[in-house]
Structure formats: C-alpha cells, structure tokens
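# Reading the structure
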Amino acid sequence: FLAMFYPAALVPLLLTIFLSRRFGIIANAFLAAFSIFIYISDTGTSFSIIITLFYLLSGAMGTMLSRNRVRRKMYISFIWLTIFNILFLFAFIFYLNIQIASQEGIMIIVYGSLSGLLSYLMALLLNPYIEVLFEDNAVMTMNELANPNQELLKELLTRAPGTYHHSLM
C-alpha cells in the first residue's frame, strides 16, 4: 500500500497554479496512465487499477483548486486535498471488500491521507521558489517573506543578529 503515499496531486496542482488548468489536467492524465505500468508487476491488475484511479482523482482535485485558494486560503485547500483523498479511499476500501478496522484498511487510509498532506505541504514549500521563475511580481513576494515583522525573523534577529543580517543581504 506504499503506492498510496505518493503525492499524486502535487504536479497537477503546481502546473495549475503556474501555467493553466489544461496543463494540470494533461499531467494528471499522464501520471495516472504511467502508474498502471509502474505498479502492475508489484500489486496485480485490480489493485493497480485502484491506484490509477486514486492518482487520477487525487490529481483532479489538485487541478480544481485555484491560485487564490492555495495562496490565501491555505487551510481550506489542505482540507480539500486531504479529506477528498480519504473519501476516495473509503470508497476503494468498500470496493475491495476490506474491513476498515483491519490493518490493511488503516494503512490505506493513513497512506492516502499522508499523500494529500504531502502534496499540499510540498506545493506550499515550492510555491515561492517556482513563483520566482514564472511571475513578474516575485520580487514583491520575496519582500513579503523578508518582512521583519514576522515572528520567526524577530526571533532570528534576537538570537543570531549576524545570520539575520546575512540573510537580508
């Protein structure tokens, strides 16, 4: 069930944010199609189709989120990516006739929810760096990140003023 841990919504989410929804949907389709060939020898035909559907639906959820949801309403997009994955996995567990309270059922749910969480966190972490490449207002974003009124930068100034000065330079 480790295949469920893969952050399937990351690439479609990033492509939707920075290019367009069309590129996110195309990348999602390719990711789902390639997952068939990657996992068929390890998991068998029926479970590789379940993994493909999970990647397809999780990536589709990543393409449905808009730029504003990821940047401004971060908590809401986290809920969408994670809860939607869990709902899909409950449907897959019922389809595979696995007990939810069994070890297999719990592992599927845990790995699927961690997949949504990992997709979201990696998108948040990569967002400012990819934004520098694609956006013209990236300098303004970097100035927002270097705002000295942020708590972490205040703590850095008090504990390591030399490091703080070096970071600003």
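The rules behind these values
Residues numbered from 1 in each chain as written. Predicted model: local features only at pLDDT ≥ 70, side-chain atom pairs only at ≥ 80, totals over all residues. Heavy atoms only, no water. Helix = DSSP H or I, 4+ residues; strand = E, 2+ residues; numbered from the N terminus. Buried < 20%, exposed > 50% of the residue type's maximum accessible area, 1.4 Å probe, protein only. Contact = heavy atoms within 4.5 Å. pLDDT = per-residue confidence, 0-100. Phe/Tyr/Trp six-rings, centres within 6.5 Å; stacked < 30°, edge-to-face > 60°. Axes fitted to C-alpha atoms, helices over the stretch in contact; angles between N-to-C directions. Parallel < 35°, antiparallel > 145°, perpendicular 65-115°, else oblique. Nonpolar A, V, L, I, M, F, W, Y, C, P; charged D, E, K, R; others polar. Core = buried A, V, L, I, M, F, W, Y, C linked by side-chain atoms within 4.5 Å.

## A closer look at the overall build of the protein chain
A tally of regular secondary structure across the protein chain gives 9 helices and 0 strands. Written out in order from the N terminus, the α and β elements of the protein chain read α-α-α-α-α-α-α-α-α. For the protein chain, with 169 residues in total, the buried portion stands at 36%. The contacts of the protein chain with a sequence gap of at least 6 include a subset with a gap of at least 24, amounting to 66%.

## Observations concerning the confidence of the model for the protein chain
A residue-level look at the protein chain finds 83% of positions with pLDDT of 70 or above and a mean pLDDT of 77. Across the protein chain, element-level confidence peaks in helix 8 (residues 151-159) with a mean pLDDT of 82 and bottoms out in helix 4 (residues 67-71) with 55.

## Topic: the packing of aromatic side chains
All chains considered together, the criterion is met by 5 aromatic pairs. Between F5 and Y111, the aromatic rings sit 6.2 Å apart at their centres with planes inclined by 65 degrees, giving edge-to-face as the arrangement. Within this pair, whereas F5 is found in the segment before helix 1 (10-18), its partner Y111 is found in helix 6 (residues 103-134), the two being separated by 106 residues in sequence.

## Some words on the packing of helix 8 against helix 9 (residues 161-168)
Axis separation between helix 8 and helix 9 bottoms out at 5 Å; the angle between their running directions is 125 degrees. On the basis of their axis angle, the class for helix 8 and helix 9 is oblique. Counted together, L153, L156, L157, T158 and R159 of helix 8 and P161, T163, Y164 and S167 of helix 9 form the full contact between these two elements. Tallied by class, residues from the contact of helix 8 with helix 9 come to 5 nonpolar, 3 polar and 1 charged.

## Let's talk about the environment of N85
Inspection of the secondary structure puts N85 in helix 5 (residues 74-96). A relative accessible area of 1% means that N85 is categorised as buried. For the pair N85 and M61, spaced 24 residues apart in sequence, the C-alpha separation works out to 8.7 Å. With near-sequence residues (within four places) excluded, N85 lies in contact with F54, S58, G112, S115 and G116.

## Regarding the environment of G112
Examined against the element boundaries, G112 turns out to sit in helix 6. Exposure remark for G112: the relative accessible area of 0% places this residue in the buried category. Once residues lying within four places of it in the same chain are set aside, the contact partners of G112 are M4, F54, N85 and L89.

## Concerning the nonpolar core
Within the largest apolar cluster, 17 residues are counted, with the highest numbers of intra-cluster contacts made by M4, I51, F54, Y55, L89 and F92. It is helix 3 (residues 45-64) that contributes the most residues to this core, 5 residues altogether. In contact with L89, other than residues within four places in its own chain, are M4, F54, I108, I109, G112 and S113. By size, the runner-up hydrophobic cluster in this structure holds 12 residues, among which are A9, F18, L65 and Y120.

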